Every structure is written in structure tokens, then in C-alpha cells.
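Fold and contact review
So the chains spell out like this:
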Amino acid sequence: MIPGRVSIYVATEPLDLRRSFDGLAAVVREVLREDPLSGALFLFFNRAADRCKALWWDRSGYCLLYKRLERGAFRVPRAVTLGGTSVVIDAAELAKILEGIALAPSKLRRVVPFAETAPPPAP
């Protein structure tokens, strides 16, 4: 039902999920600074990250998807920039989130202590 090439925005801050179509569309406009009628899918999580809602405009009206986990929590991606309100993901990453699989960070860096980076002492 949702096209595979649709843009997907994940809100990085938890949201009160009692909001419905118009309330979520207002959050998209005011907080995420995006157009809810753009055809993009917008994904929101509650504070406990055990529930999520997706809002999507399909050219004739809003669609709302709501999922509640019976155990565990969704792996919510973190903002890439300081103060960022959303993260853009693709359809494969959305499927992983909905299945409970954690997404890899965009840039995974290993912290190397200074002692490991220093050359060995000369004999």
C-alpha cells in the first residue's frame, strides 16, 4: 500500500500518541517543519517506545498505522545533528524498526585509547 520510494521521517522526540490525524499533521508542520501533504510517511513513538504511529498522505486522505508491542521496545533512531527533530530513513530501515531490529549508527567509530595509537618505544 505504501510506495517503496516514499520519504520516511522518524520523529526523534517521544510524543503523546493520543493524537490522531489532525494532531499528528500539526506536529509534522510545527515541530518537524515538513509538509504532511507531501506524500512522505511520518513515524512517531511514545516515551516508553513500545508504541508507534505512522501518518501518511496517499493523495486522497490520511492513513494512520498504529503498532503496540506486547514486550520490549522499538529501537528509535537518534538525531544525527544536535537539536534535530527527525531522521530520514528508507523502507528497509522502517521494516527493521517495526520488527524491533536496531539500526546501525550512520558513522560507527571505535574509540581507541591513546596507548593503542602510540608507536612502540624504540629499543
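Preceding this paragraph is the structure being described.
Residues numbered from 1 in each chain as written. Predicted model: local features only at pLDDT ≥ 70, side-chain atom pairs only at ≥ 80, totals over all residues. Heavy atoms only, no water.

1. Observations concerning the packing of aromatic side chains
Per the stated rule, a full pass over the model turns up three aromatic pairs. Where Tyr 9 meets Phe 42, the ring centres are 5.4 Å apart and the plane angle is 15°; that geometry is what we call stacked. Here the residue Tyr 9 occupies a position in strand E1 (residues 8-11), and Phe 42 occupies one in strand E2 (residues 41-45), the gap between them amounting to 33 residues. In this structure Phe 42 comes out as buried when scored by relative accessible area, which is 0%. An angle of 75° between the planes, with centres 5.0 Å apart, marks the rings of Trp 57 and Tyr 62 as edge-to-face. Looking at Tyr 62, the relative accessible area reads 22%, which means it is partly exposed. Over the aromatic face of Tyr 66 sits the side chain of Lys 53, whose NZ or CZ is 5.1 Å from the ring centroid. (Phe/Tyr/Trp six-rings, centres within 6.5 Å; stacked < 30°, edge-to-face > 60°. Helix = DSSP H or I, 4+ residues; strand = E, 2+ residues; numbered from the N terminus. Buried < 20%, exposed > 50% of the residue type's maximum accessible area, 1.4 Å probe, protein only. Lys NZ or Arg CZ within 6 Å of the ring centre and 35° of its normal.)

2. Remarks on the nonpolar core
Core analysis: the biggest nonpolar cluster contains 19 residues, and Leu 41, Leu 43, Phe 45, Phe 74, Ile 89 and Leu 94 have the highest contact counts within it. The residues touching Leu 94, leaving out its near neighbours within four places in the chain, are Ile 8, Leu 41, Leu 43 and Ile 89. (Core = buried A, V, L, I, M, F, W, Y, C linked by side-chain atoms within 4.5 Å. Contact = heavy atoms within 4.5 Å.)

3. Description of the pattern of salt bridges
In the structure shown here, the tally under the stated rule is three salt bridges. Ionic pairing is found between Arg 51 and Asp 50, a salt bridge with its closest N-O pair at 3.9 Å. (Salt bridge = Lys/Arg side-chain N within 4 Å of Asp/Glu carboxyl O.)

4. What to know about the environment of Ala 79
Residue placement: Ala 79 occurs in the loop between strand E4 (62-68) and strand E5 (86-89). With a relative accessible area of 30%, Ala 79 lands in the partly exposed category. Between the C-alpha atoms of Ala 79 and Glu 13, which are 66 residues apart in sequence, the distance is 8.9 Å. In contact with Ala 79, not counting residues within four places along its chain, are Thr 12, Gly 84 and Val 87.

5. Details of the sheet that holds E2
Overall, mixed pairing links the five strands, which are arranged E4-E3-E2-E1-E5 in an open sheet. Only two strands of the sheet have a single neighbouring strand rather than two, namely E4 and E5. The average undirected angle you get between the axes of adjacent strands in this sheet is 20°. Where E2 and strand E3 (residues 51-57) come together, five bridges link them in antiparallel fashion. Note on E3: the bridge partner recorded for Phe 42 is Leu 55. (Pairing = 2+ DSSP bridges. Axes fitted to C-alpha atoms, helices over the stretch in contact; angles between N-to-C directions.)

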